[in-house]
Structure formats: structure tokens, C-alpha cells
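One letter stands for each residue in the lines below.
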Amino acid sequence: LQQTQVATVIPYFERWMVRFPNAAALSAASDHEIHKFWEGLGYYRRARHLQASAKHIAAHGWPTDFEGLMKLPGLGPYTAAAVASIAFQWPEPALDGNVFRVLARLLGIEGDPRSHAKPLRSWLRPSLEKHGASRTTQGLMELGALICTPVLPKCGKCPMAVRCEAHRLDAVDRIPPAVQRKKPKEQEIWLVALEAEGHWLLREPTQKGMLAGLWKWPMIDAASVATGNMAADPSLLYASLGLRTWPGWTQVYTHRREGVSPIHLQLDKRFEAPQGCRWISGAGLDQLALGKRDQRLRELIKGRGTETLNSTQATSLPIQIRQADRS
């Protein structure tokens, strides 16, 4: 549930638990299978952390205290506290954005409540001990998600309104202050599905980066083409070039927005795959673990596209399109 809505997670969770019902099963799975079952959820490092934690648990057993949870890969203070309180009933306050907002309004905290995280945990811990860690933690989360919302909170339905300092001061519109988010980087790209002799050229998974462990289509920075920064080599052209395009879309990441233009290029024969790339058979394409962006192009080339350019139109395209991802 880190960075992902509950409704999106549920079907993934159900499939995951059927295939990996315990830590031993998850620890024994291959990287490819892990990424395939996670495919589409994003933030793929979470899947790698989850398996690493499963390996630790399979070897050493479940942690018996909060400090033990904190040693598991991928568990920071918030996630460890959420698991501790919800799963194990340990009185560890889990302060997410919703809970910070509820507590800031309840106590009338001016400024960013995250700067008061340590005293807020101390203040909240006795309530978890008295009323039950799991239900109190989930109750606060739900209160912030459904009632004490960032905009137009439903104070008339809030069970805490009579004790809420921000409500008493008529200050719920400014407590807590709105977070100024950094503007995401924007990039225009061409996502290229290159086909030859029934095979597709894809970039192999890397070990690091946002999409580590996933296969990817070759990508061209549209700005590089527009400014003429890509070398054109006529010797790289092949005969019988066909081209299809589809309407593009915007792919949103945490710190980046991509304007994606999907392209399908067809050559009459394969060339030697560049370093870091591999030709994949048509039958093998469906078996690859891809991110959401690359999945979408895979679905388009399987027959869901609506716009097609014929080969005559394709030959008038800039030479860079036809050879760029050879390098």
C-alpha cells in the first residue's frame, strides 16, 4: 500500500498470496517471476525489498520487536510501525499523511506536523495501549482519509470535533499548511517497438534505477531528434520498412512526467542487437515483465491500435527514427 490505492492493490494481493502463501515460497521465487506478478503496480523496488525480507524471515523467523522489523529491507519507520501496530498489536504509532493531518488539527499544531513526529508518537502511544493498537491506527487513518480531508473536511461528522483545537479556532483550512510539491520533470519521448523476422527488440532489465528488473522498449528523447543531435547513418536503413503510430499519452511517475508517443517499426531482417538489448520472439514477448508504460505499447501492437500509417508515408519520416535505437 505504499504509494498505491487500496482498490488497485486488492487483486494483486489476492494473486500474490495464492502463488506465494508464505515467506519460504516467496524467498524461493525467481526475480523474473517476482516482477511478473508485480507487473503494473509500479515502484518495483518494493517487490525486491519484499522478497529480500521474505528470505530473511525464512532463514531467521519473524521479528519479535519493532527494532527487528526496522532491520527488514524496505521498512522505514512508518511501514515498520504500521506492520507492528496492525499485524502484531504492538503500540507503535504509524504516522502517515492522514494521521499527521488529524493530529495537527486535533492539537492545533501550527506549521508542518512532520517536524513534531517524535513527540506526536509519544503522545499517541498511550492511546494505542489503551484502545488497541490495530483498530486505533486504522481508525485514525480512515478518519483522515474520509472525514478529516485536506480540503472541505466533514467536521459535522467527525467524532473528534468537540475536542479539535483547529475546529474550535475555525482554522481547519490552514492547519496543517498545504505542502508545496516540487514540479515534476517533463520529457517528451518516442517509445519504439522494433520488429523484424517475428522478433522484437527490447532493453534488458537493469539492476538499479526506478524500473530495475523490468524489460523496456527502446526509447528516444524527442528533443534530441528535434534539435538534430542524433547522427544519421544511411547504411543503417533496411528495406520494407513499415510504420504504425497511435495517439500518445502522459505517463506519470513520482518525480517525472513523460509525454509518450508510441511507434511500431517493422524491418525486413534483424541486425545485431546493441549492448543491453535483446531480440525476443513474439511468443516470448507476453512472458516478459514490463512496467505500465511498456505494457501499454505491448497491448497496442497486439491489435488495439487505431491509427496506422502506410509504408509510403513511413519512408518520408526523418532517417533518425529508423536507425536511432540501433545505437
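Right, let's walk through the structure included here.

### Notes on the packing of aromatic side chains
No. 1: Under the defined criterion, the tally for this structure stands at seven aromatic pairs.
No. 2: An angle of 65° between the planes, with centres 5.3 Å apart, marks the rings of phenylalanine 20 and phenylalanine 37 as edge-to-face. Linking phenylalanine 20 in the loop between α1 (6-19) and α2 (23-28) with phenylalanine 37 in helix α3 (residues 31-38), this pair joins segments that are 17 residues apart in sequence.
No. 3: For phenylalanine 20, a relative accessible area of 2% corresponds to the buried category.
No. 4: In this arrangement the basic side chain of arginine 15 is found over the ring face of tyrosine 12, its NZ or CZ atom lying 4.8 Å from the centre.
No. 5: Its guanidinium or amino end placed over the ring of tyrosine 253, arginine 256 lies 4.8 Å from that ring's centre, counting from NZ or CZ.

### Focus on the pairing of strand β6 (residues 256-267)
No. 1: Of the pairings in the sheet, the one linking strand β1 (residues 185-196) to β6 comprises twelve bridges and is parallel in character. Bridge pairing in β6 links valine 192 to isoleucine 263.
No. 2: In terms of strand pairing, strand β4 (residues 242-245) meets β6 through four bridges, oriented antiparallel. The residue bridging glycine 242 from the neighbouring strand is glutamine 266, located in β6.
No. 3: As defined by bridge partners, strand β5 (residues 249-252) adjoins β6 across four bridges and the pair is classed as antiparallel. Looking across to β6, one finds that threonine 250 is bridged to glycine 259.
No. 4: Hairpin remark: β5 followed by β6, antiparallel, with three residues in the connecting loop.

### Digging into the nonpolar core
No. 1: The biggest cluster of nonpolar side chains holds 50 residues, and the ones touching the most others in it are Ile34 and Leu95.
No. 2: The leading source of residues in this core is helix α7 (residues 97-107), at six residues.
No. 3: Sequence-distant contacts of isoleucine 34, that is, excluding residues within four places in its chain, are made with Trp16, Phe20, Leu26, Ala29, Ala47 and Gln51.
No. 4: By size, the runner-up hydrophobic cluster in this structure holds 17 residues, among which are Trp200, Trp246, Trp249 and Leu288.

### Examining the packing of helix α6 (residues 77-88) against helix α9 (residues 133-147)
When two helices pack together, their arrangement is given by the angle between their axes and by how far apart the axes lie.
No. 1: Running from amino to carboxyl end, α6 crosses α9 at an angle of 125°, the nearest separation of the two axes being 7 Å. As judged from the angle between their axes, α6 and α9 are oblique. Where α6 approaches α9, its residues Tyr78, Ser85 and Ile86 are matched on the opposing element by Ala133, Ser134, Thr137, Gln138 and Met141.

### Brief notes about the side chain of histidine 35
No. 1: For histidine 35, the location among the structural elements is in helix α3.
No. 2: Once residues lying within four places of it in the same chain are set aside, the contact partners of histidine 35 are Tyr44, Arg48, Ala212, Gly213, Leu214 and Ala289.

### Here we look at a nonpolar patch on the surface
No. 1: A cluster of nonpolar side chains, contributed by Leu1, Val6 and Ile10, occupies part of the molecular surface with about 300 Å² of accessible area.
No. 2: Among the structural elements, isoleucine 10 can be located in helix α1.

### As for the pattern of salt bridges
No. 1: The final tally for this structure, using the stated rule, is 13 salt bridges.
No. 2: A salt bridge links arginine 278 to glutamate 204; the nearest nitrogen and oxygen atoms lie 3.0 Å apart. Of the two residues, arginine 278 sits in strand β7 (residues 277-281) while glutamate 204 sits in the loop between β2 (199-203) and β3 (219-221), which places them 74 residues apart along the sequence.
No. 3: For arginine 278, a relative accessible area of 41% puts it in the partly exposed group.
No. 4: Given a relative accessible area of 26%, glutamate 204 falls into the partly exposed group.
No. 5: Between glutamate 258 and arginine 256 there is a salt bridge; the shortest N-O distance is 2.8 Å.

### Description of unusual backbone geometry
No. 1: A cis amide bond, omega -10°, links isoleucine 175 with the succeeding residue proline 176.
No. 2: Summarising the element assignment, proline 176 is placed in the loop between α10 (165-168) and β1.
No. 3: Phi angles above zero are rare outside glycine, and aspartate 170 is one such case at about 55°.
No. 4: Relative to the elements of secondary structure, aspartate 170 occurs in the loop between α10 and β1.
No. 5: The phi torsion at glutamate 197 lies on the positive side, around 55°, for a residue other than glycine.
No. 6: For glutamate 197, the position within the fold is in the loop between β1 and β2.
No. 7: Overall, the relative accessible area of 46% leaves glutamate 197 in the partly exposed class.

What counts and what doesn't
Residues numbered from 1 in each chain as written. Predicted model: local features only at pLDDT ≥ 70, side-chain atom pairs only at ≥ 80, totals over all residues. Heavy atoms only, no water. Phe/Tyr/Trp six-rings, centres within 6.5 Å; stacked < 30°, edge-to-face > 60°. Helix = DSSP H or I, 4+ residues; strand = E, 2+ residues; numbered from the N terminus. Buried < 20%, exposed > 50% of the residue type's maximum accessible area, 1.4 Å probe, protein only. Lys NZ or Arg CZ within 6 Å of the ring centre and 35° of its normal. Pairing = 2+ DSSP bridges. Core = buried A, V, L, I, M, F, W, Y, C linked by side-chain atoms within 4.5 Å. Contact = heavy atoms within 4.5 Å. Axes fitted to C-alpha atoms, helices over the stretch in contact; angles between N-to-C directions. Parallel < 35°, antiparallel > 145°, perpendicular 65-115°, else oblique. Patch = residues over 30% accessible without salt bridge, like charges linked within 9 Å, V, L, I, M, F, W, Y side chains within 5 Å. Areas by Shrake-Rupley, 256 points an atom, 1.4 Å probe, with all protein chains shown as cover. Salt bridge = Lys/Arg side-chain N within 4 Å of Asp/Glu carboxyl O.

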